[in-house]
Amino acid sequence: MNVLFLALGAARRRAVVEESAKVVADGGTATVVVAVAKQWKNDPFAPGVTVLDSSLLHRDELLWRLERLVVYRGPEFVLRRAFGRRGNSAVGAYRRKVADRFHRRAFLPVHKRLRKDVSSRLIAQHITRAARPYEWIIVSDQRSMPEAVAVLNELGPKSRIGVAWSADHVS
């Protein structure tokens, strides 16, 4: 059994960790899609459980690649060239004080407003491109529910993937 856990809200962390471990112990594969990987650092997953940060799905998107180039890579290259040996500390300060703040306060809100459906489309692409087809989507918290509906709409009516609230409900 190949299961995708949508855990974007991180409200039921312990349940997701236990249920994904049970799926792997029963011989299946489990992938957990999370919104922010930092929230899960104190919750160790069982070996064999794949944790996918949803921001990694955006890497191939043109807007994210342009932002990375203009806000991060370009200025960091210039700072390393300008400061020589002290370039790494200058890059760290620039990243903390300028680039990360711009990303959180300007880029993300605008991106969310302009491209509301992007996450569901990217998760649906991940599901369709998987080497082994997913059989179940486990919606593990309230925040993941609208995303799961949008993913199912993206997959279309011919999709044979099941949806459940808990891994205990799948056979």
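Note that the structure is predicted; figures quoted are calculated from it, not measured. Just so you know, the residues in each chain are numbered from 1, in the order the chain's sequence is written. Local features in this predicted model are restricted to residues whose pLDDT is 70 or higher, and side-chain atom pairs enter the listing and the counts only when it is 80 or higher, whereas totals over whole chains, interfaces and linings include all residues. Each side-chain value is derived from all of the structure's non-hydrogen atoms; neither hydrogens nor water enter the calculation.

S.K.: Quick one: what's the story with the nonpolar core, residue by residue and with numbers?
M.R.: Residues L4, V33, I123, I127, I137 and V151 are the most contacted members of the largest nonpolar core, which totals 18 residues. For this core, the elements supplying multiple residues, two or more each, are β1 (2-7), α4 (118-129), β4 (136-139) and α5 (144-155). Here a helix means four or more residues in a row that DSSP labels H or I, a strand means two or more in a row labelled E, and each is numbered from the N terminus. Looking at which element gives the most residues to this core, the answer is α4, with 4 residues. Between two residues, a contact is recorded if the distance between any of their heavy atoms is within 4.5 Å. Sequence-distant contacts of L4, that is, excluding residues within four places in its chain, are made with T31, V33, I123, H126, I127, Y134, W136, I137 and I138. Residues belong to a common nonpolar core when they are buried Ala, Val, Leu, Ile, Met, Phe, Trp, Tyr or Cys residues joined through side-chain atoms within 4.5 Å. Burial classes follow relative accessibility: with a 1.4 Å probe on protein chains only, a residue under 20% of its type's maximum area counts as buried, one over 50% as exposed, and anything between as partly exposed. Of all hydrophobic cores here, the second largest spans 17 residues; its members include V16, V23, F45 and V49.

S.K.: Outline the pairing of β4, listing residues and values.
M.R.: One bridge is not enough; two strands pair if DSSP finds at least two bridges between them. In the sheet, β1 pairs with β4 via 4 bridges, with the strands oriented parallel. For L4, the partnering residue across the bridge sits in β4 and is I137. Pairing analysis gives 3 bridges linking β4 to strand β5 (residues 162-164), with the strands arranged parallel. Across the sheet, residue I137 finds its bridge partner in β5, namely V163. Here, the term right-handed applies to a crossover whose path from the first strand over the helix to the second runs clockwise when the strands point away from the viewer. In this view, the connection linking β4 to its parallel neighbour β5 by way of α5 has right-handed handedness.

S.K.: Got a sec to walk through the confidence of the model for the protein chain? Specific residues and values, please.
M.R.: For the protein chain, mean pLDDT is 86; residues scoring 70 or higher make up 97% of the total. Least confident of the elements in the protein chain is α4, whose mean pLDDT is 80; most confident is helix α2 (residues 62-83), at 91. Values of pLDDT, which run from 0 to 100, indicate the predictor's confidence residue by residue.

S.K.: Tell me about the sheet that holds strand β3 (residues 49-53), and please be specific about residues and values.
M.R.: In space, the 5 strands of this open sheet follow the order β3-β2-β1-β4-β5, with parallel pairing throughout. Taken across any chain shown, the strands that pair with only one partner, and hence form the sheet edges, are β3 and β5. The average undirected angle you get between the axes of adjacent strands in this sheet is 20°. As paired elements, β1 and strand β2 (residues 29-34) share 6 bridges and run parallel to each other. Paired with A7 across the bridge in β2 is V34. To get an axis, fit a line to the C-alpha atoms, keeping to the stretch in contact for a helix; angles then go from 0 to 180 degrees between the N-to-C directions. In this fold α5 packs onto β1, β4 and β5, with an angle of close to 155° to the strand it touches most, β4.

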